[in-house]
Every structure is written in C-alpha cells, then in structure tokens.
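A structural walkthrough
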Amino acid sequence: MSAVPIAGIPISEIPEKNLLAGFGLANQAVARALSVRGFGVSIFDDKPKAGTFVAADGLDLELLVEPDERLLKETVKTADMVIPSPGLPEHHPVFDIANTVGRPIASEFDLARIWDTRPIVAITGTSGKTTVTEMVVAALSASGISAMAAGNLNVPLVTAIDQLDVEMFVVEASSFRLGHSQLFEPLVGCWLNFAPDHLDVHRDMTSYETAKAHLWKDLPEDAVAIANQDDATVMRHLPTNRTISTFSSKNSQAHWQIRHDKIFGPYGTICTKHDLKRQRPHDLANALAMSATAIAAGAAAERVRETLCDYEPGSHRLQKVATIEGVEYYNDSKATTPHATLAALEGFDSSVLIAGGRNKGLELSVLADRSERIHSVIALGEAADEITDVFAGVRPVVSADDMSHAVGLAQTLAKPPVTVLLSPACASFDSYNSYAERGEDFTQAVVELFKRKR
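Residues numbered from 1 in each chain as written. Predicted model: local features only at pLDDT ≥ 70, side-chain atom pairs only at ≥ 80, totals over all residues. Heavy atoms only, no water.

1. Remarks on the overall build of the chain
Inclusion rule: Numbering of helices and strands runs from the N terminus, with a helix taken as a DSSP run of H or I at least four residues long and a strand as a DSSP run of E at least two residues long. Both definitions apply: the radius of gyration is a C-alpha atom measure, and the globule rule equals 2.2 Å times residues to the power 0.38. Burial here depends on accessible area, computed with a 1.4 Å probe over protein chains only, as a share of the maximum for the residue type. Under 20% is buried, over 50% is exposed, and the range in between is partly exposed. Residue contacts are defined here by distance: any two heavy atoms, one from each residue, within 4.5 Å place the two residues in contact. Surface exposure here means Shrake-Rupley accessible area, sampled with a 1.4 Å probe, where a residue is shielded only by the protein chains that are shown. Charge convention: Lys and Arg are scored as positive, Asp and Glu as negative, and His as well as the terminal groups of each chain are ignored. Just so you know, the charge point we use is NZ for Lys, CZ for Arg, CG for Asp and CD for Glu.
Helix and strand content of the chain: 16 helices and 19 strands. By the compact-globule yardstick of 22 Å for 454 residues, the chain fits well, its C-alpha radius of gyration being 23 Å. Viewed in the frame of its principal axes, the chain has a C-alpha envelope of about 65 × 50 × 35 Å. Of all 454 residues assigned to the chain, the portion counted as buried reaches 54%. Taking the contacts inside the chain whose residues are at least 6 apart along the sequence as the reference set, 64% of them involve residues at least 24 apart. Carbon and sulfur atoms make up 49% of the accessible area of the chain, which totals about 18800 Å². For the chain, the separation between the mean place of its 41 positive charges and that of its 58 negative charges on side chains is 4 Å.

The structure is reproduced here in structure tokens:
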C-alpha cells in the first residue's frame, strides 16, 4: 500500500455528502453537527459496539459494518469528503482509496473552523496535554475570559462551538486530529514535548511527528507558538515569521524558566516552585508551559499564579492512594507510554514499578534507562513478557495475574522508603475499557490491602 498523505486535497468549505470513517464518540458528534446543519452523512465502522448501533439509529443513519475493499471504494466514491475517526489507523484502506479517487480528508477541527471563528488556544504533546489544558482554562476563566476545554477530551470541538457564551476554546489537540486537519488556526499553539507514541495508529514516527507539527502549520500572523526549548524535535518545527515563546526547566535563555526555584518569565516571577502542590520535573515543565500559554492567550499573571498554586492534578496522574506500613502507593494509570513512565520515575528515588498492558507498538526497552530509580518490577497484561525481557538481568521482575495480584506482590517487595508505582507505559485495552478503569482497579486493590493491614 502506498504512503498516505497526512492531509491531501485542500478544502475551503464543507461539501454536500460526507463519509465518516469509524463511528466512535468523536464521529458521532461530527455526525450530529453535520446533520443539524443540513449536510449529508454516511457512516461505516469496522468494529461497532452495541452503543454504536444505538447512536446511528438515533441519528437515523444506516451503519455500514466492516465493508470489504470493493464496497468501501464504492462508498468513498459516493461521498464528497472523508472524515476519519480519531485513532483510525493510517494503514486503513480508506485513506489510500480517498486519495486514489480524489476525495479530500478532513477532521472535526476543520468543520469547527469553518463554522466558528472564535479564538482557539491549542495544546499538543506526547504527555501533559490534559493537565496543561485544564490549568489554562482555569487561569483564563479566573481572568474573566469565558474559556472551555475541548478536543481530545469529553467534548469534541464541533460540539463545544454550540456554546455561544464561550469566548475562547482551549483545545487538547491530539495527533489523530491534527494529522488530518487543514484549517486549524490557533491563536496560541503550545507544543509540550515529543516522544514515541501511537505507533498502533501512525505508520511510523515520522508520520506521528508530522501530525504533531500541524499544530503550527496554519498559524495566523498574530499567533504565538509556545515551544519546549528542551525538546529538539519540537524546536526543529518552530514556525517562521511568528511570535515565539519558549519554556525550559534547564535553559536560562528560554523566555520561561526556573530561576532560583521560581517560575520566571518575561513578566517576572509568577510563583516559587514550592508554591506548587507537586514539584516533580514534569510538574515544573507543565507549570512553565501553562504560564507561557495562558498569558499569551490573555490571562492575568496574578490569576496564573493562583491557578498554579491551587491546581490539584486529576485522578490517575501520580495520584497518591495510601501509605501502608510506611510505603506510599501511587496511581499513575494515565501513563500509557514509556515517556510518561520515565517522567513519573524521575519523581522517586526508588520504586516497585507495576508496568504493562497493551503495547502501542512502542519500544519499551527505554524503561531500563531509569533502572537506578527502580527497585523491582511487576509485569502485567499482554506486554508482561516484553516488560520481563526489558528488565531481565537488570532488576528483579515478576509477573502478576491481575491487578490485585500485582498489588499483593508489590507489598511483599516494597519496604520504606521504596514506593509502589503503577505507571504502566502501555494502553489499558487488554483488560480494561480505559486507563481510568485500570487506575480504579489499582486503587481498589490498594484500599483492600490497607483494610487488611489496619
């Protein structure tokens, strides 16, 4: 199969007939948005769930299930444009077919931009997107700017634009949406970091990197690009003839930096790092990125300071669950890549690491790069054998049958000051419906252990 362009035929308006490739929650929102505006919609899904059929019926749409290549080609030919579901693998034949028969490919970001011109703040990166997005929304709202989070969250951008009282959208921009977007024009675009991820969807790392770089592809002349100066990949894609604002935990030449234990930028000191509820390396990087992004978007420096000081990271992100017999147990189930797990390990001197799940095509061997911070390893899920191979001869490693078994094994291995850290480096879909469900299972197992040890 030939290589598929990230974005092919340009679009400037929404055509009459639109084919939605995949019908998960995001494309269900796209279907509703198109239908209510009078555009034609057809849909197919290769692996529909019961709720998929319910959603199609609710919109009075016929769901085509797992069409073969002949039928898929006929279906694409009858459409004017193809909108893939976020996460549809790039090797799916619909992309090749669309390019062969001359049908443009677009994303929900394009639809939203055509329908709505309110300013957008966009945040992308391999890790930290949700945290920074939440903090930017809080800082803008505290500054009197009506802001709403959208995109790679619970509310797609095509749904968010129905909220007429919102002044600015803060978009968590995944590579899945960015890669197929042609009209995405954020007022502020922040790129947090880049590391291997999503090779179960992207053809290769080059494709993933190119998709991320679409964040800055169509910046308006008055836009600001926020960049992590510590990340060479991010810096390689800096746009020209646009305002640039950099942040760095290490480089004193960055616009935003850590100076004498302070979050410091062009407007002076925002706060000290000790004012933050967490001061691990990635927490500081997120604080710098948020400060740069929020102020570029119009937030007041004082409101940024208050947000940083008050912000409580969400569940399943290095969330302390309990202390049992002097050992602290942390739930970092949201760490679905080696990059995220390595960042978590930086915050502890020594941990019993619970890792594994469904590997997204990533190289797990990099986890051994922080072996000096790992006491021992408990391998879990589909990737248990890969995890075991990574640490064989490097650190003690054992396999667990399930999460309860993993927590029990961890309790026998960890003695103070060693921590127990669930930071899987893998997706949850081998055994769970989401990283949140996995984190809740870990939390429940720790709570049960706590009760037994009381």
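2. Side note on the packing of aromatic side chains
As a reminder of what qualifies: Centres within 6.5 Å are what make two rings of Phe, Tyr or Trp a pair, Trp counting through its six-membered ring; a difference in plane orientation under 30 degrees is then read as stacked, over 60 as edge-to-face, and the rest as tilted. Whether a charge sits over a ring depends on NZ of Lys or CZ of Arg being within 6 Å of the ring centre and within 35 degrees of the ring normal.
The final tally for this structure, using the stated rule, is 6 aromatic pairs. Arranged with centres 4.5 Å apart and planes meeting at 15°, the rings of F109 and F184 form a pair that is stacked. In this pair, F109 is assigned in helix α5 (residues 108–115) and F184 in the loop between α8 (175–178) and β8 (188–191), connecting sequence segments 75 residues apart. Like F184, F109 is buried. One aromatic cluster in this structure is built from W191, F194, Y208 and W216. The ring of W115 carries the charged tip of R37 above its face, separated from the ring centre by 4.0 Å.

3. A closer look at the pattern of salt bridges
We count it as follows: Note on definitions: salt bridges are taken to be side-chain nitrogens of Lys or Arg within 4 Å of carboxyl oxygens of Asp or Glu.
The tally for this structure, following the rule as stated, stands at 19 salt bridges. Of the charged contacts in the structure, one is a salt bridge between E74 and R70, with a shortest N-O distance of 2.8 Å. Here E74 and its partner R70 are both found in helix α3 (residues 69–77), 4 residues apart, which amounts to about one turn of the helix. Accessibility expressed as a relative area gives 41% for E74, which makes it partly exposed. For R70, a relative accessible area of 53% puts it in the exposed group. With its nearest N and O atoms 3.9 Å apart, the salt bridge here joins E448 to K451. Here K451 and E448 lie together in helix α16 (residues 435–453), a separation of 3 residues that amounts to about one turn. What emerges from the salt-bridge pattern is a single network uniting E346, R370 and R373.

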